[in-house]
Amino acid sequence: MTLNLRVMTPNQVVRNPEEVQEVILSTSSGQIGALSNHAPPPAAPDIGIPKIRIDGQWSILALMGGFAVVDDNRTTLLVNKADKAVDIDPQQAREVYLRARDEAARARGGKKTIEANSALRRAKARLDAIAAPVPDKTTRVTQ
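Computed from a predicted structure; not experimentally measured.

### Some remarks on the overall build of the chain
Link 1 in the chain: Within the chain, the regular secondary structure consists of 2 helices and 10 strands.
Link 2 in the chain: Counting from the amino terminus, the chain carries its helices and strands in the arrangement β-β-β-β-β-β-β-β-β-β-α-α.
Link 3 in the chain: In the chain, which comprises 143 residues, the proportion classed as buried is 41%.
Link 4 in the chain: Long-range pairs, those at least 24 residues apart, make up 51% of the contacts in the chain with a sequence separation of at least 6.
Link 5 in the chain: Between the averaged position of the 20 positive side-chain charges in the chain and that of its 16 negative side-chain charges there is a distance of 8 Å.

### Some remarks on the nonpolar core
Link 1 in the chain: Membership of the largest hydrophobic core comes to 19 residues, with the highest contact counts inside it found for L5, V7, V20, V23, L25, L63 and L77.
Link 2 in the chain: Listed by contribution, the elements that provide at least two residues to this core are β1 (3-8), β2 (13-20), β3 (22-27), β4 (30-35), β6 (51-54), β7 (57-64), β8 (66-71) and β9 (74-79).
Link 3 in the chain: The element contributing the most residues to this core is β1, with 3 residues.
Link 4 in the chain: Dropping the residues within four chain positions of it, V20 is found in contact with T2, L3, L5, I52, R53 and I54.
Link 5 in the chain: If you look at the next biggest cluster of nonpolar residues, it comprises 14 residues, including I47, A85, I88 and L127.

### Topic: helix α1 (residues 90-106)
Link 1 in the chain: In this model, α1 (17 residues) spans 25 Å end to end at C-alpha, consistent with the 24 Å of a helix rising 1.5 Å per residue.
Link 2 in the chain: Close packing links the buried residues of α1 with α2 (110-129).
Link 3 in the chain: N-cap assignment for α1: the residue whose side-chain oxygen lies 2.8 Å from the backbone N of Q91 is D89.

### Considering the sheet that holds β9
Link 1 in the chain: In spatial order, the strands read β2-β1-β9-β8; together these 4 strands make up an open sheet with mixed pairing. Pairing within the sheet leaves two strands with one partner each, and these edge strands are β2 and β8. With direction set aside, neighbouring strand axes in the sheet form an average angle of 10°.
Link 2 in the chain: Inspection of the sheet shows β1 paired to β9 by 5 bridges, in the parallel sense. Its bridge partner being in β9, M8 is matched across the sheet by L78.

### Thoughts on the UniProt feature "domain: ATP synthase epsilon subunit C-terminal" (unreviewed entry) in the chain
Link 1 in the chain: UniProt records the feature "domain: ATP synthase epsilon subunit C-terminal" (unreviewed entry) at residues 87-130, using the numbering of this structure.
Link 2 in the chain: The span residues 87-130 is 84% helical and 0% strand by assignment, and the distance between its end C-alpha atoms comes to 9 Å.

### Concerning the domain arrangement of the chain
One widely used convention gives an interface's size as the accessible area the parts lose upon coming together.
Link 1 in the chain: For the chain, the domain assignment lists domain 1 (3-85) and domain 2 (87-131).
Link 2 in the chain: For domain 1 and domain 2, the distance between their C-alpha centroids amounts to 22 Å.
Link 3 in the chain: On the domain 2 side, the residues contacting the 11 residues of domain 1 number 10 residues.
Link 4 in the chain: At the boundary of domain 1 with domain 2, total buried surface from both sides reaches about 850 Å², with 63% on carbon and sulfur atoms.
Link 5 in the chain: One can count 2 salt bridges joining domain 1 with domain 2.

Procedures and definitions
Residues numbered from 1 in each chain as written. Predicted model: local features only at pLDDT ≥ 70, side-chain atom pairs only at ≥ 80, totals over all residues. Heavy atoms only, no water. Helix = DSSP H or I, 4+ residues; strand = E, 2+ residues; numbered from the N terminus. Buried < 20%, exposed > 50% of the residue type's maximum accessible area, 1.4 Å probe, protein only. Contact = heavy atoms within 4.5 Å. Lys, Arg positive; Asp, Glu negative; His and termini not counted. Charge placed at Lys NZ, Arg CZ, Asp CG, Glu CD. Core = buried A, V, L, I, M, F, W, Y, C linked by side-chain atoms within 4.5 Å. Expected span 1.5 Å × (residues − 1). Polar contact = N/O pair within 3.5 Å; in protein donor to acceptor, adjacent residues only side chain to side chain. Pairing = 2+ DSSP bridges. Axes fitted to C-alpha atoms, helices over the stretch in contact; angles between N-to-C directions. UniProt positions renumbered as here; feature names shortened; annotations may be inferred. Domains from an automatic or database assignment. Buried area = accessible area lost by both parts, 1.4 Å probe. Salt bridge = Lys/Arg side-chain N within 4 Å of Asp/Glu carboxyl O.

See the structure below:
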């Protein structure tokens, strides 16, 4: 059995409706899975890595938060941003992570700290999507 998956951002359709066997989403309260003929509650995908099983193979995206609706063997992800793992440049993702990490360490004050930590979570999600190792704390940004 399969379900129909669509992933959309405000600017593009990242995945047109396609038949998948399973979708596993990261939410603020843990992971939630969607299977055919099952109806999990509506969920708000967090910044993270959903796993999508297509023909027995896992496909990976980096999602930047949004909303999921699962209904009648259809799963629709309406997200702020999504990147397919195959479209992420590993070197650029690493550099963005290092800058975000440094900015988060320097951030002072409520709003700046929240924004910096959110940017760091987004950068880490992109690294996780491509299974790149997270640089250790001694690694510095090269300009």
